[in-house]
Protein chains: 2
Amino acid sequence: MNGTLTLHGSPHSLPTYRVALMMRLCGAGFSFRYVSFQRGMHLTPEFRQLSRWGQVPVLEHNGHVLVQSAAILEYLAETLGCFYPADPEMRQRIREWLFWDADRLMPPLYAWYGVELGRRKLLPLAFDPVLVAEFDRKGAAALGILDTHLADERFLVGDAPTIADICCYADIAFARLGNRALESWPNVICWADRIEALPGFAAPFELLAMQDAEISS
Amino acid sequence: MNGTLTLHGSPHSLPTYRVALMMRLCGAGFSFRYVSFQRGMHLTPEFRQLSRWGQVPVLEHNGHVLVQSAAILEYLAETLGCFYPADPEMRQRIREWLFWDADRLMPPLYAWYGVELGRRKLLPLAFDPVLVAEFDRKGAAALGILDTHLADERFLVGDAPTIADICCYADIAFARLGNRALESWPNVICWADRIEALPGFAAPFELLAMQDAEISS
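Residues numbered from 1 in each chain as written. Chains lettered and ligands numbered in written order. Predicted model: local features only at pLDDT ≥ 70, side-chain atom pairs only at ≥ 80, totals over all residues. Heavy atoms only, no water.

Asks: What is the right way to look at the sheet that holds strand S2 (residues 30-34) of chain A in this model?
Replies: Two orientations exist for strands paired in a sheet by backbone hydrogen bonds: parallel and antiparallel. Residue and element names in this part refer to chain A. Within the open sheet, the 5 strands sit side by side as S4-S3-S1-S2-S5. Their pairing is mixed. Each edge of the open sheet carries a strand with a single partner, namely strand S4 (64-67) and strand S5 (213-215). Across this sheet, the average inter-strand angle for adjacent strands is 25°, counted without regard to direction. Here 4 bridges tie strand S1 (residues 5-9) to S2, and the two strands are oriented parallel to one another. If you follow leucine 7 over to S2, its bridge partner there is phenylalanine 32. Taken strand by strand, helix H1 (residues 14-25) contacts S1, S2, strand S3 (58-61) and S5, and its axis lies near 155° from that of S1. (Pairing = 2+ DSSP bridges. Helix = DSSP H or I, 4+ residues; strand = E, 2+ residues; numbered from the N terminus. Axes fitted to C-alpha atoms, helices over the stretch in contact; angles between N-to-C directions. Contact = heavy atoms within 4.5 Å.)

This is how it looks when you write it as structure tokens:
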């Protein structure tokens, strides 16, 4: 791979972690540029020009400016040649998991993290109890589907980890940061252990801090 | 393209419409198999075996069983060779829109349709006013982003329609079925007019009914 990788985001951002973990597990060093939402850095003209929809993460690579974490995982998988089997059938299964994650798993599990940050008054977030109940219902349903799949499988697609695992694993890491133990889904816990045993693995706040940094390969 | 295409789904399902519209606009005939959620057809062992996560749509093609509508759009785009520019940079932009749609646009706009069906007592759906307010807030935010992008562009990526447009257009069609006029987002309305002018275009309930059918090319 040629060119430097620059990741703009926040350690509080699940999608930012997903992209950082991918580069870490691929052994690709990168520059991290902290975007503080509390200080309004996502609203500056410079950042809005970079991030077409005002979201983090943004990845810069060789003049390309990439957004949407799952799409970035596909880009990195192709560019770095890792966590992406060549077989088209397996790639289709991976895409299905990426979209299922966006549809069912990530929204409630990421919300759990936001709810916890608000409860502990670490960020000025407050959620109506009706919304919290909805997050709980949807999170449990999605974790049930994941757990059932992982009863017979070591990874989501095939016998080795892929970007589908990295994508969904980040949700698990943030659910735990949101103070959820997940003991009702034992197959999910065993699968998360397998991800955490991969060479180079680092937990969210081990990998990224609230400051700019050079992350070595 | 070789082999028959069989789409399992419902005319009430936005993701089913998205896939049906794609095949229609590509001039690919298909068999439609109606899955009635009210009659519990999505819970039968036969359907659960077909649809790994119990969702519609499912597309069968040449022994492949495909789920998740946006992933199916990518499969059809590659297989049928339409609405998918070959340029990798454009394909990356398209993927970003597909994931942005799953993240921001589709959930609230599809929910508007569900709210309307419940209000008119056409389906036994009821939503807490807190949830409805959240759908309204998120829907307006996403439509604002879409409208801003379309102020200077005829289509989402490049000068011709792609699967990104077909994906997001389906949300607009269902928001209108949900009795939303969308006049606050005039660029979205003009863009939707351009999609509706494409040869072969058909609205949701023009294309699919609550019964099995053979849809000609």
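Still to come is the rest of the account.
Asks: Just checking my understanding: could you explain the packing of aromatic side chains for this structure?
Replies: Given two aromatic rings, their pairing is described by the distance between the two centres and the angle made by the two planes. All names here are of chain A. With the rule as written, the count across this model stands at 17 aromatic pairs over all chains. Residues tyrosine 113 and phenylalanine 174 carry aromatic rings whose centres are separated by 4.9 Å and whose planes lie at 85° to one another, so their mutual orientation is edge-to-face. Here phenylalanine 174 lies in helix H6 (residues 163-177) and tyrosine 113 lies in helix H4 (residues 88-119), a separation of 61 residues in the sequence. Like phenylalanine 174, tyrosine 113 is buried. (Phe/Tyr/Trp six-rings, centres within 6.5 Å; stacked < 30°, edge-to-face > 60°. Buried < 20%, exposed > 50% of the residue type's maximum accessible area, 1.4 Å probe, protein only.)

Asks: What is the right way to look at the nonpolar core in this model?
Replies: Where a protein is soluble and globular, its nonpolar side chains tend to be buried together. Membership of the largest hydrophobic core comes to 158 residues, with the highest contact counts inside it found for Leu143(A), Leu146(A), Trp191(A), Leu143(B), Leu146(B) and Trp191(B). In contact with Trp191(B), not counting residues within four places along its chain, are Leu146(B), Leu150(B), Arg154(B), Phe155(B), Leu156(B), Asp165(B), Cys168(B), Tyr169(B) and Ile172(B). (Core = buried A, V, L, I, M, F, W, Y, C linked by side-chain atoms within 4.5 Å.)

Asks: What am I meant to see in the side chain of Arg18(B) here?
Replies: Residue and element names in this part refer to chain B. Along the polypeptide, arginine 18 turns up in helix H1 (residues 14-25). At a separation of 3.0 Å, a polar atom in the side chain of arginine 18 contacts the side chain of serine 69. At 2.9 Å, the side chain of arginine 18 and the side chain of aspartate 171 are in polar contact. Apart from the residues lying within four places of it in its own chain, the contact partners of arginine 18 are Ser69, Leu73, Asp101, Met106, Ile166, Cys167, Ala170 and Asp171. (Polar contact = N/O pair within 3.5 Å; in protein donor to acceptor, adjacent residues only side chain to side chain.)

Asks: How should the sheet that holds strand S5 (residues 213-215) of chain B be read in this particular structure?
Replies: Residues and elements named next belong to chain B. Here we have 5 strands laid out as an open sheet, ordered S4-S3-S1-S2-S5, and mixed in their pairing. If you trace the sheet from one side to the other, it starts and ends with strand S4 (64-67) and S5, each paired once. Between one strand axis and the next, the sheet turns by 25° as a mean value, whatever way the strands run. Pairing of strand S2 (residues 30-34) with S5 involves 3 bridges; the strand directions are antiparallel. Bridge pairing in S5 links serine 31 to glutamate 214. Contacts between helix H3 (residues 69-80) and the sheet are confined to strand S1 (5-9), strand S3 (58-61) and S4, with S4 contributing the most and set at about 135° to the helix.

Asks: Before we go on, may I ask you to explain the relation of the copies chain B and chain A in this structure?
Replies: Superposing the two chain copies requires a rotation about an axis and a translation along that axis. Taken as rigid bodies, chain B and chain A are interconverted by a rotation of 180° and an axial shift of 0.0 Å, the fit giving an RMSD of 0.0 Å. Look at the turn and shift together and you get a two-fold axis relating the two. Measuring from the rotation axis to each C-alpha of chain B, the shortest distance belongs to Ala102(B), at 3.0 Å. (Least-squares fit on C-alpha atoms with pLDDT ≥ 70 in both.)

Asks: Quick question: what am I supposed to make of the state of the cysteines here?
Replies: A covalent bond bridging the sulfur atoms of two cysteines is what the word disulfide describes. Residue and element names in this part refer to chain B. By the definition in use, this model includes 2 disulfides over all chains. There is a disulfide in this structure between cysteine 26 and cysteine 82, and the S-S distance comes to 2.2 Å. One quick way to see it: the torsion about the S-S bond of cysteine 26 and cysteine 82 is about 110°, and its sign makes the bridge right-handed. One end of the pair, cysteine 26, is in the loop between H1 and S2; the other, cysteine 82, is in the loop between H3 and helix H4 (88-119), and 56 residues separate them in sequence. (Disulfide = S-S within 2.5 Å.)

Asks: Explain the packing of H4(A) against H4(B) to me, please; I cannot follow it from the model alone.
Replies: When two helices pack together, their arrangement is given by the angle between their axes and by how far apart the axes lie. Interhelical geometry of H4(A) versus H4(B) gives an angle of 35° and a closest axis separation of 8 Å. Of the two elements, H4(A) crosses H4(B), and the hand of that crossing is right-handed. Contact residues: Arg95(A), Leu98(A), Phe99(A) and Ala102(A) in H4(A); Arg95(B), Leu98(B), Phe99(B) and Ala102(B) in H4(B). Classifying every residue of the contact of H4(A) with H4(B) by side-chain character gives 6 nonpolar, no polar and 2 charged. (Left-handed = near helix turned anticlockwise from the far one by under 90°. Nonpolar A, V, L, I, M, F, W, Y, C, P; charged D, E, K, R; others polar.)

Asks: It is not clear to me how the interface of chain B and chain A should be interpreted in this structure. Could you clarify?
Replies: Note: interface size is frequently given as the accessible area lost on complex formation between the parts. In this assembly, 31 residues from chain B lie in contact with 31 residues from chain A. When the two sides are added together, the surface that chain B and chain A hide from each other amounts to roughly 2,900 Å², 58% of it contributed by carbon and sulfur. Between Glu96(B) and Arg52(A) there is a salt bridge, with its nearest N and O atoms 2.3 Å apart. Our count for the contact surface shared by chain B and chain A stands at 16 residue pairs in polar contact (both at pLDDT 80 or more). Contributing elements (two or more residues each) for the side of chain B that touches chain A: S4, H3, H4 and helix H5 (129-150) of chain B. Sorting elements by how many residues they give to the side of chain B that touches chain A places H4(B) first, with 12 residues. (Buried area = accessible area lost by both parts, 1.4 Å probe. Salt bridge = Lys/Arg side-chain N within 4 Å of Asp/Glu carboxyl O.)

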